[in-house]
Structures are given as structure tokens and as C-alpha cells.
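Close look at the chain arrangement
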Amino acid sequence: ASDLKPLFDTILEYIPAPEADVDAPFQMLVSSIDYNEFVGRIAIGRIERGAIKQNQEIAVCNYHDPDAAPKKAKATALYEFDGLGKVPVTESTAGNIIAMSGIGDVTIGDTICAPDAVEPIEFVKISAPTIEMTFSVNDSPFAGREGKFVTSRQLRERLIRETMKDVSLRVTETDSTDAFNVAGRGEMSLSILIETMRREGYELQVSPPRVLYQEIDGVKCEPIERLVVDVPSDCVGAVMEKIGSRKGDLVEMTPVGDRMKVEFLVPARGLFGYRNEFLTDTKGEGIMASVFDSYAPMKGEIQRRNTGSLVAFETGEAVTYGLFNAQERGVLFIGAGTPVYAGMVVGETPKAEDISVNVCKKKQLTNMRASGSDDALRLIPPRQMSLEQCLEFLADDELLECTPENLRLRKRVLDHGERMKLASKKKG
């Protein structure tokens, strides 16, 4: 067949339609939230039973908050989904997925019911954020060149708007008016937010991700993730060794054909930067997923990164001669012609400390020819870093500058002299 009609016909013929009681009192679990400037929060969910009409009185309750009195509201507007768009409707019945505006502070997990039959629907509680990053205004020498939205007011408004539709996100002010702490459910969810903001034209800087600790019975506890990996059998050893060094504990192993499903309990901070290593160790065939498990006492020191950064010494444009000399020191992240500024991270060195390199250095031009040294200089192709790889690479004294055009790794303190002073103070 040239289309999917036979499949759809078969589904209609053999699979029973969902059973729904249209005459029972209205009940719907909010499973997603949308937000728009004109109507505020929009509750999205599937009607479990009953029917709803526009401007009908409703009550809002929550399974995990049984003592709270149900909130009264009115379904001011109803929409059903058609493809990717929303179509306004005046009424809808059980089984339909609808969007409803009119409830100010509705959140995922709330149940919307008829006022005379308030019965909350059970759902899995949304876990609290476990990871935090600082989002701040871009203050690098290249600030404002590539983005449309660059001020702290624009940054604050955008982050607050995100919390309206992402219930696992928390935004708090810091001592500085230019920086905000953004807490979420993992580096993945935060990197999606950063990428979305970049595409919308925002320019910002982000700090390395940090874990949110809790004090439980006087003991400092950290979030533990339940990590499930599905890997080819011959890669299990490498994965177990890496997770072990990241203070993970093996829970269970299940063979599935010629693959192995392995479950671990790992500190959230132990998973920072692991995804890439995991893909390398499993030759790209591994699948990993993690979910918050619990808080447990601190598991001790975890080695985060034992390599240093190659740091640009001066502002200018990277040239082949300078890069050729720098590539002997490590792996470069940039190619010739890339604009750089002093304090920008341009590569990685296998040594544990940072090395300053001058990638803008041009060859001294003399009229002397030297045999061999005037041949074309061969540059090793630079390593292209994705947003996740950049976040994983960041050391504690580094930031990631995100603009619609570029991702630039940089030192928090750009001036070489200032950095040296701070380093000697730490040692002292």
C-alpha cells in the first residue's frame, strides 16, 4: 500500500474505543501547562469523565495535598487540539484532550472537577530540583555582538516566563542584579532551556552545574539518581568501572539477548559529564536514563576533570601559526580565523593545570628562507563541542558564554595577572 489507511482501518476494526462515562461529574487531571501573555496559565489534560462547557464553574484540588480546600474557578475558554494547533470550542466530553484557561495558579498534577464531586486523581509526585546553575548577563568582550536580548531585565523576564510552563524549574535572585540561580531536574533539562533561549536570540553566561544538597538529621545529604543503562554485553566492564569511580553502586543486572540491562544508584554529581564518556565506552550503542531516587549522606570526593584548559593570552583573531604552536600543548576547540579574547578557553591540555597560549601570534616576517619550516603548516581539525559537552567540560573557575551564533568557554576572571594572583592566594 502507498499510504497508512490499511493500518488505521485495522485499528478502528480491532481496537475498542476508550470507555468514558459522559454523564458522570466532570473530572480531568492536568498533565501539561502552557502559558500565554493574554490569558496566563493554560491547563492541558484528558477529560477522564463527564463533560465541560465554557464558563462552567469548576473546582481545583490535588491528590498530594488532601487537606487543602478546593479552589473555585471558571473555565473561561476551552480548546481542543487539531494537529499542532488549538481550536476554540464551547464544550467537550470525556476522552478528549483539551486546554483550558481561567485558573490562575494551576500546576501539573492538579485535578479539575465539577464543584459537587471533588475527587482528586492520583499521580506521581513531581520531584524537586536537584541541580542548579547560575545564568548571568554576558559580560565578555564580545557581549552584545550576536544576540538580540542581552539585558538583565530581559533575562529575568524570560526565566520567569519559563517557570510558568515548566513546573520542575525554580528561579531565584542572587546578590548580583545580573545573575539568577536556575534549579532544575538535571543538566539535560537546563541545557534544553539554554538552547531554546539561544535560538530565540538571547545572550547569556552560565556557570558549571552544581548539586543542591540537603541537611537531613544534621547530616549533609546529596541527591542520588537511579541510573538504568542498556549496553552491549562486551561493554559492561567499562561502564561498571566508570560508574564505580563516580561512587555509584550496582543494584541489579539483567541480560536481554546479547545486551545487558544494568541498574545503579549514583550521586547526581557523579553523572556530570558522564554521558559522553558513556557513548564512547559503548561505541555509541548504549542507552542511559536516570530518575531521582532519594537523598543520602555524601559519598565522598569525586574526581571531576583531571585535564587543564588552554587559555588565549590576547584578544584578536586566531591564526594558523599561533594555532600550530598551541596544538602541541593539547586539543584545540577553535580553527584559524576565529575571533578570541584574552581569558577565552581555546582547548584542553592533558596536564592538570591551565596553560596560556598565544593563538594570535603571527610568524615574524623576514626575508630569510628556512628549508623545511616554510612548508604549509598542518593543523589538526579542532574538536567541535556541543552545548552538553561544553557544560560537562566547564571547570569551577570557568563560564560558558552562549549566544545565538556561538558557544565560548571562558575563564571567570579574564585577566591573566588577576588569575595568577587568585591561584597563588588559594595555594597559600
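As a reminder, the structure under discussion sits directly above these lines.
Read on for an overview of the structure. Source: prediction; values computed, not measured.

The next thing to look at is the side chain of S140. Inspection of the secondary structure puts S140 in the loop between β11 (131–137) and α2 (152–165). Exposure remark for S140: the relative accessible area of 5% places this residue in the buried category. With residues near it in sequence (within four places) discarded, S140 still touches Q205, Y341, E401 and R410.

Here we take up the environment of E195. Looking at the secondary structure, you find E195 in helix α3 (residues 187–199). E195 gets classed as partly exposed once you look at its relative accessible area, which sits at 21%. Sequence-wise, E195 and C402 are 207 residues apart; in three dimensions their C-alpha atoms are separated by 8.5 Å. A distance of 3.2 Å separates the side chain of E195 from the side chain of R198, its partner in a polar contact.

Now for the side chain of E401. The residue E401 is located in strand β27 (residues 398–402) in this model. A distance of 2.6 Å separates a polar atom in the side chain of E401 from a polar atom in the side chain of Y341. What E401 contacts, discounting residues up to four positions off in sequence, is N138, S140, F142, L204, Q205, Y341, N406, L407 and R408.

Look at α2: 21 Å from first C-alpha to last across 14 residues, which is about the 20 Å you get at 1.5 Å a residue. For α2, the complete set of buried residues consists of S152, Q154, L155, R158, L159, E162 and T163. The elements touched by buried residues of α2 are β2 (40–49), β11, β12 (170–173), β13 (179–184), α3 and β14 (204–206).

The next point concerns the layout of surface pockets. In this structure, the largest pocket spans a volume of roughly 880 Å³. For the largest pocket, the lining is made up of 28 residues, of which D354, A395, D397, K411 and K426 are closest to its centre. For the lining of the largest pocket, the secondary structure elements donating two or more residues are β21 (308–312), β26 (355–357) and α8 (416–427). The dominant element in the lining of the largest pocket, judged by the number of residues it contributes, is α8, at seven residues. Taken together, the residues of the lining of the largest pocket break down into 10 nonpolar, six polar and 12 charged. Volume-wise, the second largest pocket comes out at about 590 Å³. What lines the second largest pocket is a set of 22 residues, among which R246, G273, E277, R304 and R305 lie closest to the centre.

This paragraph deals with a nonpolar patch on the surface. On the surface, L4, L7, F8, I11, Y14 and I15 cluster together to form a nonpolar patch covering roughly 660 Å² of accessible area. Within the fold, I11 resides in helix α1 (residues 5–14). The partly exposed category is assigned to I11, whose relative accessible area is 37%.

Here we come to the packing of helix α4 (residues 236–245) against helix α5 (residues 274–281). Running from N to C, α4 and α5 cross one another at 160°; their axes reach a closest spacing of 9 Å. As summarised for this structure, α4 and α5 are arranged roughly antiparallel, according to the angle between their axes. At the point where α4 passes α5, the crossing takes the right-handed sense. Only Y274, E277, F278 and D281 of α5 make contact with α4, whose side of the interface consists of A238, V239, K242 and I243. Its residues assigned to classes, the contact of α4 with α5 shows five nonpolar, no polar and three charged.

As a further point, take the pairing of strand β17 (residues 219–232). In the sheet, strand β16 (residues 214–216) pairs with β17 via three bridges, with the strands oriented antiparallel. Across the sheet, I216 pairs through a bridge with V219, a residue of β17. Here β16 folds back onto β17 in antiparallel fashion, the turn holding two residues, of which D217 has a positive phi close to 50°.

Across a sheet, strands are paired by hydrogen bonds formed along the backbone, either parallel or antiparallel in direction. Taken in spatial order, the four strands line up as β23-β25-β21-β26 in an open sheet, and their pairing is mixed. Pairing within the sheet leaves two strands with one partner each, and these edge strands are β23 (331–332) and β26. With three bridges connecting them, β21 and β26 associate as parallel partners. Note that in β26 the partner of A312 across the bridge is V357.

Our focus in this paragraph is the pairing of strand β18 (residues 249–256). In the sheet, β18 pairs with strand β19 (residues 259–267) via seven bridges, with the strands oriented antiparallel. Within β19, the position partnered with D249 by the bridge is L265.

Scanning the entire structure with this criterion turns up 30 salt bridges. The shortest N-O distance in the salt bridge between E200 and R158 comes to 2.6 Å. Pair noted here: E200 is in the loop between α3 and β14 and R158 is in helix α2, with a separation of 42 residues, a long-range link. The salt bridge partner of K411 is D397, with a shortest N-O separation of 3.2 Å. Separated by 14 residues along the polypeptide, K411 in strand β28 (residues 407–411) and D397 in the loop between α7 (387–393) and β27 bring together distant segments of the chain. Put simply, K242, R246, E277 and D281 are held in one network by salt bridges that share partners.

The rules behind the values
Residues numbered from 1 in each chain as written. Predicted model: local features only at pLDDT ≥ 70, side-chain atom pairs only at ≥ 80, totals over all residues. Heavy atoms only, no water. Helix = DSSP H or I, 4+ residues; strand = E, 2+ residues; numbered from the N terminus. Buried < 20%, exposed > 50% of the residue type's maximum accessible area, 1.4 Å probe, protein only. Contact = heavy atoms within 4.5 Å. Polar contact = N/O pair within 3.5 Å; in protein donor to acceptor, adjacent residues only side chain to side chain. Expected span 1.5 Å × (residues − 1). 1 Å grid on protein atoms, 1.4 Å probe; cavity = no way out; pocket = protein on both sides within 12 Å on 5 of 7 lines; lining within 4 Å. Points joined across faces, edges and corners; volume = space filled by probe spheres on them. Nonpolar A, V, L, I, M, F, W, Y, C, P; charged D, E, K, R; others polar. Patch = residues over 30% accessible without salt bridge, like charges linked within 9 Å, V, L, I, M, F, W, Y side chains within 5 Å. Areas by Shrake-Rupley, 256 points an atom, 1.4 Å probe, with all protein chains shown as cover. Salt bridge = Lys/Arg side-chain N within 4 Å of Asp/Glu carboxyl O. Axes fitted to C-alpha atoms, helices over the stretch in contact; angles between N-to-C directions. Parallel < 35°, antiparallel > 145°, perpendicular 65-115°, else oblique. Left-handed = near helix turned anticlockwise from the far one by under 90°. Pairing = 2+ DSSP bridges.

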